[in-house]
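Listed below, chain by chain, are the residues.
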Amino acid sequence: MNKVFFAGILALLCCSTLFSVLFCFAFPQYYFKYMWILPIYFIVFFLGEFLLLKGFEKESGAKKMNIFLLIKIIKFFVSIIVLVLYLKLIGENNISFSVVFLVLYCMSLILETI
């Protein structure tokens, strides 16, 4: 594992902790009880992408780029499905869940691309 991987995990955990503390103490009316699942979701995707791309380290640049883009597309569609399922099935504090989800999604995209 390299430094970028650990920095990404640390950044996702710090951002998730910040959101949890912020929503719990500053804006308790917007806190949702499934907030703890979001860091796990993004860390699992981050770890999966890292390990999958590690397996294709010896491949050519074009093939590795295709795998990278395929992973991004899969992550995008799975994230949309998770977001819609939460909004339809649970529906607790939809706006705050969506904002936190989208911020963590964008943050993970930036960290994975670096």
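Every value quoted in this text rests on a predicted model; they were computed, and no experiment measured them.

Enquirer: Teacher, can you tell me more about the nonpolar core here?
Expert: Membership of the largest hydrophobic core comes to 24 residues, with the highest contact counts inside it found for L38, F42 and V100. Elements with a minimum of two residues in this core: helix 1 (3–26), helix 2 (37–55), helix 3 (61–90) and helix 4 (94–113). Residues in contact with F42, not counting those within four places in the same chain, are L12, K75, F101, L104, Y105 and S108.

Enquirer: How should I be thinking about the confidence of the model for the chain in this particular structure?
Expert: Taken over all residues, the pLDDT of the chain has a mean of 83, while the share at 70 or more is 98%. When mean pLDDT is taken per element in the chain, helix 3 scores highest with 91 and helix 1 scores lowest with 78.

Enquirer: Looking at this structure, how should I read the packing of aromatic side chains?
Expert: Here the distance between the centres and the angle between the planes together describe a pair of aromatic rings. Evaluated as defined, the whole model comprises seven aromatic pairs. Ring geometry for Y41 and F45: centres 5.2 Å apart, planes at 70°, overall edge-to-face. Here F45 and Y41 lie together in helix 2, a separation of four residues that amounts to about one turn. Ring geometry for Y86 versus F97: centroids 3.6 Å apart, planes at 15°, classification stacked. Of this pair, Y86 sits in helix 3 while F97 sits in helix 4, and the two are 11 residues apart along the sequence. As far as burial versus exposure is concerned, Y86 and F97 are alike and both buried. Chaining the aromatic ring pairs together yields one cluster made of Y41, F42, F45, Y86, F97 and F101.

The rules we used
Residues numbered from 1 in each chain as written. Predicted model: local features only at pLDDT ≥ 70, side-chain atom pairs only at ≥ 80, totals over all residues. Heavy atoms only, no water. Core = buried A, V, L, I, M, F, W, Y, C linked by side-chain atoms within 4.5 Å. Buried < 20%, exposed > 50% of the residue type's maximum accessible area, 1.4 Å probe, protein only. Helix = DSSP H or I, 4+ residues; strand = E, 2+ residues; numbered from the N terminus. Contact = heavy atoms within 4.5 Å. pLDDT = per-residue confidence, 0-100. Phe/Tyr/Trp six-rings, centres within 6.5 Å; stacked < 30°, edge-to-face > 60°.

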